[in-house]
Amino acid sequence: MEHQAKRIAQIAGAGMLAACLSLGAFMPSHALAEPKEQTPATQFFNSESGTWEQGPRSQYGEIAITYDTTQGTWQDPGLDTSDGNDNGTHQNGTYQVVIPTYISHEGLNAGAIQTSDTYQILVRGVIPEGKLIRVDAECQPEIASEGNYRIQQTTHQEKTVWSPADCMGTVHEDGSLSGTPSNDIISTEGTMYAAGSFTGHVFYTAEMKTQGK
């Protein structure tokens, strides 16, 4: 018998990862590398020599253009998605994993218990190129009440890997990122012979990994 009872789900932000590495060393002055020649800010064509001076010194001028997003930022929509002032700002290279705080079943009848809850998780952010986010869920396979009655739990994930495009999703009108949601399922089955309460858990871990590894 399947019993669908009252469910309460409250979304709470979780897991943001940011990494920063800094290296320094003391070296004798004679071991320091000579400073590289700085590229001039401008170049010009010399008609006498027929070449471009202070640049690649060829028959054409070349302008190097760099587009870099490593120092940029991204916004989450906050707790109230309708309020643009509620947004949070984060450094590029970071992400968030959002999961429910709890799921509650109340008013269950004694006897055979069988439930199945589908809930949404979300990953959003701007992660480095060539990376992906791996999210894993694990539940207690069996939980016991105070009277030692036992219920089995199983969990299923619709999605476990988020690419950079998945993490970004779409950009809302207020500039915040939608990220990409996924539906997970927690199921229980067992028999309760008395009035009592079970408490189980689903544990989540998140990790940034290199694509292809």
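All of these numbers come straight from a predicted model, not from anything done at the bench. (Residues numbered from 1 in each chain as written. Predicted model: local features only at pLDDT ≥ 70, side-chain atom pairs only at ≥ 80, totals over all residues. Heavy atoms only, no water.)

1. Here we look at the pattern of salt bridges
Consideration 1: Across all of its chains, the model carries three salt bridges by this definition.
Consideration 2: One salt bridge in this structure joins Asp136 and Arg134, with 3.0 Å as the shortest N-O distance.
Consideration 3: Overall, Asp136 belongs to the partly exposed group, its relative accessible area being 28%.
Consideration 4: Residue classification places Arg134 among the partly exposed residues on the basis of a relative accessible area of 31%. (Salt bridge = Lys/Arg side-chain N within 4 Å of Asp/Glu carboxyl O. Buried < 20%, exposed > 50% of the residue type's maximum accessible area, 1.4 Å probe, protein only.)

2. What to know about the sheet that holds strand 11 (residues 161-162)
Consideration 1: Overall, antiparallel pairing links the three strands, which are arranged 11-8-13 in an open sheet. Two strands close off the open sheet at either side, each with one partner strand: strand 11 and strand 13 (202-210).
Consideration 2: Where strand 8 (residues 131-139) and strand 11 come together, two bridges link them in antiparallel fashion. Across the sheet, Arg134 pairs through a bridge with Val161, a residue of strand 11. (Pairing = 2+ DSSP bridges. Helix = DSSP H or I, 4+ residues; strand = E, 2+ residues; numbered from the N terminus.)

3. Digging into the packing of aromatic side chains
Consideration 1: Per the stated rule, a full pass over the model turns up two aromatic pairs.
Consideration 2: On the basis of an interplanar angle of 55° and a centroid distance of 5.5 Å, the ring pair of Tyr149 and Tyr193 is categorised as tilted. A residue pair is termed long-range when its members are at least 10 positions apart, and Tyr149 in the loop between strand 9 (142-144) and strand 10 (150-157) and Tyr193 in the loop between strand 12 (180-192) and strand 13 qualify at 44 residues.
Consideration 3: For Tyr193, a relative accessible area of 61% puts it in the exposed group.
Consideration 4: The positively charged end of Lys159 is found above the aromatic ring belonging to Trp162, 5.4 Å away from the centroid. (Phe/Tyr/Trp six-rings, centres within 6.5 Å; stacked < 30°, edge-to-face > 60°. Lys NZ or Arg CZ within 6 Å of the ring centre and 35° of its normal.)

4. Examining the side chain of Thr188
Consideration 1: Its location among the elements puts Thr188 in strand 12.
Consideration 2: For Thr188, the side chain forms a polar contact with the side chain of Thr115, separated by 2.3 Å.
Consideration 3: Other than its neighbours up to four places away in sequence, Thr188 contacts Ile113, Gln114, Thr115, Ile151, Gln152 and Gln153. (Polar contact = N/O pair within 3.5 Å; in protein donor to acceptor, adjacent residues only side chain to side chain. Contact = heavy atoms within 4.5 Å.)

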